[in-house]
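# Examination of the molecular architecture
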Amino acid sequence: MTTSYTDIQCLFEQRKNNPLFNTSYPLSPDDWAKYSTQGALTFDTSKPIAFYIHIPFCKQICSFCEYTKMCIPSKELQRNYFNALISDIERFAERYHNIEIYGLDIGGGTPTSLDAGIFAGFTSWYKDFISDKNLSSDFEPSIEGSFNTLIDDYWGSHRSCYIAKAGIKRLSLGVQSTSNDVLQPLHRKCISLNEMREAMDNWHNLGIEKINLDLMYGLPGQTIETIQQDIETLRELNPEQVTVYEFRTNQIRDGYRINLGHCYEQYCELYDGLIALGYYGVFGRNTFSRNPKDCGLSSYLRHRMFDGWQYKGFGISAQSMSQFGISYNLGKNEAIGKLVSNDWLQDNNSSYEATQYYRLPQQELFGKFIAISGYSGGFSLSCAKEIFGLDFNSKYKRVIDFLIVRKFVEIHGDRIQITREGFKNYGAILSLFHTPE
């Protein structure tokens, strides 16, 4: 750990203009090579757990997306994937049959791009599966989708009806931008405001209580004017929740490099605009809500971000984390050529369970917690002490003092929160709590 203000200042100056320092941790899989081990990640049965289910299929591939995904394959290969996925989930549930589940998110990819019959079967299985599980009092499942995949069929196959019948009350939709000038070069397109409004009314009438709209800032071609257009769209649609994500250099494979100053200006425009619309949020956090009590998150994301709770990922490339370390499922670091060739979908009896397991020391688990909590613009001091250990205060006193003196952070009760000035270089600030190496 750095021991002088000079050392801390030097680290901060070296990193403050480097876009690689953000909420990603570790920066490279090789950083954890020495912690790689055999066996399977275990979980603490005395603590709640959440499930994340990864559906990697999309109707089209957006150039900004950093997740494992592929164009929707044949019905047969979709069915193979779900047979293996469900088998993995049920095996895990048998092994940890009494553990309390605090959240379950279905993400991707675009889960709502699935064949309608397979989607209906999966949501029906989910409803039966979850019906006899030990759920926390604030359990709130969520599913990701897109306007295009749901609007295309809500007069026909009714995927949104299947979501509502399964008891999933939160629907998160990737909008990214409302400007076609921004979206078209990224292989996306906008739909009309009337179409979005009509679809949201339909979903609310079906019983979906919370609709979250995802926006991005820092995208190529984005300006303050396009951000203001996004805010005006939100004024018209009035979703229950809004999430904003920063575009990152590693989210695109060409030479485009983000301008951190522009990102900061665009986040400020979004934040101020959302607060003016009546949304609740804290500066530096990326989630906003009409309800001040839910932070704009599903229960899975809420406890993962704020409390560092354990979670289990299912499906290709999904991640899992417990107090014993982190594991990555098949596909996380596989060659992209293998993924797009469908080889991993061919076998109807395959499994997508973890192929890489890292037994991490407290310092590395703490670094991961800080990165995840970074989306909230800060972190809980009590959680930091629980994960890092009792000597957290002595180890990080100089770092915290450095940040407070420079007005980069403030302490409010149990939380360290990044200020407006600090958010200009939030990645460099978070990195001061990472492992010394």
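Overview of the structure.

Rules used throughout
- Residues numbered from 1 in each chain as written.
- Predicted model: local features only at pLDDT ≥ 70, side-chain atom pairs only at ≥ 80, totals over all residues.
- Heavy atoms only, no water.
- Helix = DSSP H or I, 4+ residues; strand = E, 2+ residues; numbered from the N terminus.
- Expected span 1.5 Å × (residues − 1).
- Buried < 20%, exposed > 50% of the residue type's maximum accessible area, 1.4 Å probe, protein only.
- Arc of directions from axis to C-beta.
- Contact = heavy atoms within 4.5 Å.
- Phe/Tyr/Trp six-rings, centres within 6.5 Å; stacked < 30°, edge-to-face > 60°.
- Axes fitted to C-alpha atoms, helices over the stretch in contact; angles between N-to-C directions.
- Parallel < 35°, antiparallel > 145°, perpendicular 65-115°, else oblique.
- Nonpolar A, V, L, I, M, F, W, Y, C, P; charged D, E, K, R; others polar.
- Pairing = 2+ DSSP bridges.
- Polar contact = N/O pair within 3.5 Å; in protein donor to acceptor, adjacent residues only side chain to side chain.
- Left-handed = near helix turned anticlockwise from the far one by under 90°.

Over its 14 residues, helix H7 (residues 193-206) runs 20 Å from end to end, which matches the ideal 20 Å to within 8%, given 1.5 Å per residue. Every buried residue of H7 is listed here: Met 196, Ala 199, Met 200 and Trp 203. Around the axis of H7, the buried residues are gathered within 100° of arc, so they sit on the same side. Exposed side of H7, more than 90 degrees from the buried face: Asn 194 and Asn 205 are the residues found there. Backbone geometry just downstream of H7 places Gly 207 in the positive-phi region, at approximately 115°.

Another point: the environment of Gly 145. Mapped onto the elements of the fold, Gly 145 is located in strand E6 (residues 142-145). Gly 145 sits 32 residues away from Ser 113 along the chain, and the two C-alpha atoms are 7.7 Å apart. Other than its neighbours up to four places away in sequence, Gly 145 contacts Thr 110, Thr 112, Leu 171, Ser 172, Leu 173 and Gly 174.

This paragraph deals with the packing of aromatic side chains. What describes a pair of aromatic rings is the distance from one ring centre to the other and the angle between the planes of the rings. By the definition in use, this model includes 44 aromatic pairs. With centroids separated by 5.7 Å and ring planes inclined at 80°, the aromatic side chains of Phe 51 and Phe 92 adopt a geometry described as edge-to-face. Linking Phe 51 in strand E2 (residues 49-55) with Phe 92 in helix H2 (residues 75-95), this pair joins segments that are 41 residues apart in sequence. On the basis of relative accessible area, Phe 51 is assigned to the buried category, the value being 2%. Since its relative accessible area comes to 1%, Phe 92 is described here as buried. Look at Tyr 267 and Phe 283: their rings are 5.2 Å apart centre to centre, the planes differ by 85°, and that puts the pair in the edge-to-face class. Placement of the pair is Tyr 267 in helix H9 (residues 260-276) and Phe 283 in the loop between H9 and strand E10 (287-289), with a sequence separation of 16 residues. Comparing Tyr 267 with Phe 283 shows no difference in burial state: the two are buried.

Relative to each other, helix H12 (residues 362-373) and helix H13 (residues 381-388) sit at 150°, their axes nearing to 8 Å. In this view, H12 runs roughly antiparallel relative to H13, as classed from their interaxial angle. When H12 is examined against H13, the residues Gln 362, Gln 363, Leu 365, Phe 366 and Phe 369 are found in contact with a partner set consisting of Cys 383, Ala 384, Ile 387 and Phe 388. Tallied by class, the residues present in the contact of H12 with H13 amount to 7 nonpolar, 2 polar and no charged.

Right, let's talk about the sheet that holds strand E17 (residues 415-418) for a bit. Pairing within the open sheet is antiparallel, and its 3 strands lie in the order E15-E17-E16. Unpaired on one side and paired on the other, strand E15 (378-380) and strand E16 (409-412) mark the two borders of the sheet. Here the strands of the sheet are splayed against their neighbours by 15° on average, with no regard to which way each runs. Where E15 and E17 come together, 3 bridges link them in antiparallel fashion. Looking at E17, one finds that Ser 380 is bridged to Arg 415. Sitting on the sheet, H13 is in contact with E15, E16 and E17, with an inclination near 70° to E15. Each of E15, E16 and E17 is contacted by helix H14 (residues 392-405), which is oriented at about 120° to E16, the strand it contacts most.

Turning next to the side chain of Ser 177. Examined against the element boundaries, Ser 177 turns out to sit in the loop between strand E7 (170-176) and helix H6 (180-183). Classification of Ser 177 as buried rests on a relative accessible area of 1%. In contact with Ser 177, other than residues within four places in its own chain, are Val 182, Leu 183, Cys 190, Leu 215, Gln 222 and Asp 230.

With that out of the way, let us pick up the side chain of Ser 376. Turning to its location among the elements, Ser 376 is positioned in the loop between H12 and E15. Judged by relative accessible area, Ser 376 falls into the buried class, the value being 1%. Reaching out from Ser 376, the side chain makes a polar contact with the backbone oxygen of Ser 373 at a distance of 2.6 Å. In this structure the side chain of Ser 376 is engaged in a polar contact, spanning 3.1 Å, whose partner is the backbone oxygen of Gly 378. The residues contacting Ser 376, other than those within four sequence positions of it, are Gly 284, Arg 285, Met 305, Phe 306, Arg 415 and Gln 417.

This next bit is on unusual backbone geometry. The residue after Tyr 25, namely Pro 26, is reached through a cis peptide bond having omega -5°. With respect to the helices and strands, Pro 26 occurs in the loop between helix H1 (5-15) and strand E1 (36-37). Positioned with a positive phi, Asn 238 is a non-glycine residue whose angle comes to about 55°. Its place among the elements puts Asn 238 in the loop between helix H8 (224-237) and strand E9 (241-246). By relative accessible area, which is 39% here, Asn 238 ends up partly exposed. Unusually for a residue other than glycine, Cys 295 sits at a positive phi of about 60°. Residue placement: Cys 295 occurs in the loop between E10 and helix H10 (299-307). Since its relative accessible area comes to 16%, Cys 295 is described here as buried.

Viewed as axis vectors pointing N to C, H7 and H8 meet at an angle of 40°, and their least axial separation amounts to 10 Å. Put simply, H7 runs oblique to H8. Relative to H8, the crossing made by H7 is right-handed. Side by side, H7 and H8 meet where Leu 193, Met 196, Arg 197 and Met 200 of the first sit next to Thr 233, Glu 236 and Leu 237 of the second. Among the residues forming the contact of H7 with H8, the class breakdown is 4 nonpolar, 1 polar and 2 charged.

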